[in-house]
Amino acid sequence: VDVLPAGAAERQAYEAVGEAFPAFSDPDIWVIPAKTDATDEQLVTLSKEFAEVDRIESVDPVHEIGDADGHVLIGLRLTDDISPDSAEAVKLVRDLRELDTNIDVWIGGQAAGQADFSGALIDGLPFAGGLVLLATFILLFLMTGSVLVPVKALLTNVLSIAASLGITTWVFQHGHGSGLLGFESVGGLESYVVAVVVAFGFGLAMD
C-alpha cells in the first residue's frame with residue numbers, strides 16, 4: 001500500500017485503520033531471535049536494545065509465532081517521518097543487522113526484503129553482466145567478422161540504456177513532470193522494475 005499515491009482512497013483507508021487500531025496493523029520491521037530457548041530476561045534486553053535505536057518509535061510486546069518451532073517475534077514501529085519501503089528504512093535495516101545484540105536475530109519486513117533483493121542483484125551483477133557482454137561480443141563478432149563493430153554496439157547500447165534509466169529515475173523517482181503525466185511520485189523505483197527494464201532494453205537494443 002505504500003507504493004500507492006498518498007491521495008489514493010485505498011491507501012487513506014488502510015492508514016486510517018492502522019492509526020485507529022495500531023495493535024492490529026503489521027509492524028514495519030520484525031525481529032525473530034534465532035534461538036528458541038531464549039529466556040524472558042534475554043528477550044526483554046533485546047527489546048530494549050532495539051527501542052534505543054534512532055527512528056524506532058516503539059517496540060511491540062514479544063509474542064509467539066504459531067507453528068514456528070518455538071520462535072517468537074518482536075515487531076518494530078518506525079517514526080511517522082519514515083516510510084517502511086523507503087531508502088531510509090532499508091538503511092535502518094542494514095544498521096540493525098550490524099547491531100551487536102545479546103542474542104542472534106533474523107530481521108525481516110518490507111524494507112528487509114528490499115535490502116536483500118537489492119543485495120542479491122548487486123552480488124549477481126558482475127557475473128550476469130559479464131556473461132551478457134561476452135556472449136553479445138562473440139555473437140556479433142561471428143556475424144560481422146569485425147572487432148570494432150561489437151565494441152561500438154555494446155558501448156552505444158550501454159550508454160543509451162544508462163540514459164534511459166537516468167531519465168526514468170529523474171521522472172518517476174524525483175517526480176519531475178508528474179503533473180504533466182498525471183501521476184504522483186512515491187520517491188523511488190522498485191529494484192525488480194529496474195532489473196527487468198534494463199534486461200528488456202538491452203535485448204531490444206541488440207535486436
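Residues numbered from 1 in each chain as written. Predicted model: local features only at pLDDT ≥ 70, side-chain atom pairs only at ≥ 80, totals over all residues. Heavy atoms only, no water.

Student: Sorry if this is basic, but what is going on with the nonpolar core here?
Tutor: What tends to happen in soluble globular proteins is that the nonpolar side chains get buried as a cluster. One finds Ile29, Phe50, Leu76, Leu78, Leu92, Leu96 and Ile107 to be the most contacted residues of the largest nonpolar core, which totals 23 residues. When contributions to this core are tallied by element, the ones reaching two or more residues are strand S1 (29-33), helix H2 (40-51), strand S4 (72-78), helix H3 (87-98) and helix H4 (110-144). It is H3 that provides the largest number of residues to this core, a total of five residues. Sequence-distant contacts of Leu78, that is, excluding residues within four places in its chain, are made with Asp28, Ile29, Arg55, Ile56, Glu57, Ser83, Pro84, Ala89 and Leu92. (Core = buried A, V, L, I, M, F, W, Y, C linked by side-chain atoms within 4.5 Å. Buried < 20%, exposed > 50% of the residue type's maximum accessible area, 1.4 Å probe, protein only. Helix = DSSP H or I, 4+ residues; strand = E, 2+ residues; numbered from the N terminus. Contact = heavy atoms within 4.5 Å.)

Student: Sorry if this is basic, but what is going on with the packing of H4 against helix H5 (residues 148-173) here?
Tutor: For any two helices packed against each other, one specifies the crossing angle of their axes together with the interaxial distance. In contact at an axis separation of 8 Å, H4 and H5 are set at 140° when each is read in the N-to-C sense. Here H5 runs oblique to H4, going by the angle between their axes. H5 is crossed by H4, and the crossing has right-handed handedness. For the pair formed by H4 and H5, the contact residues are Leu133, Thr136, Phe137, Leu140, Phe141 and Thr144 on the first element and Val149, Pro150, Val151, Ala153 and Leu154 on the second. Of the residues contributing to the contact of H4 with H5, the split by class is nine nonpolar, two polar and no charged. (Axes fitted to C-alpha atoms, helices over the stretch in contact; angles between N-to-C directions. Parallel < 35°, antiparallel > 145°, perpendicular 65-115°, else oblique. Left-handed = near helix turned anticlockwise from the far one by under 90°. Nonpolar A, V, L, I, M, F, W, Y, C, P; charged D, E, K, R; others polar.)

Student: Got a minute to help me understand the packing of H4 against helix H7 (residues 191-206) in this structure?
Tutor: Interhelical geometry of H4 versus H7 gives an angle of 5° and a closest axis separation of 11 Å. For the element pair H4 / H7, the angle class is roughly parallel. Facing Gln114, Phe117, Ser118, Leu121, Val132, Leu133, Thr136 and Leu140 of H4, the residues of H7 in contact are Ser191, Tyr192, Ala195, Phe202 and Met206. Considered class by class, the residues forming the contact of H4 with H7 number nine nonpolar, four polar and no charged.

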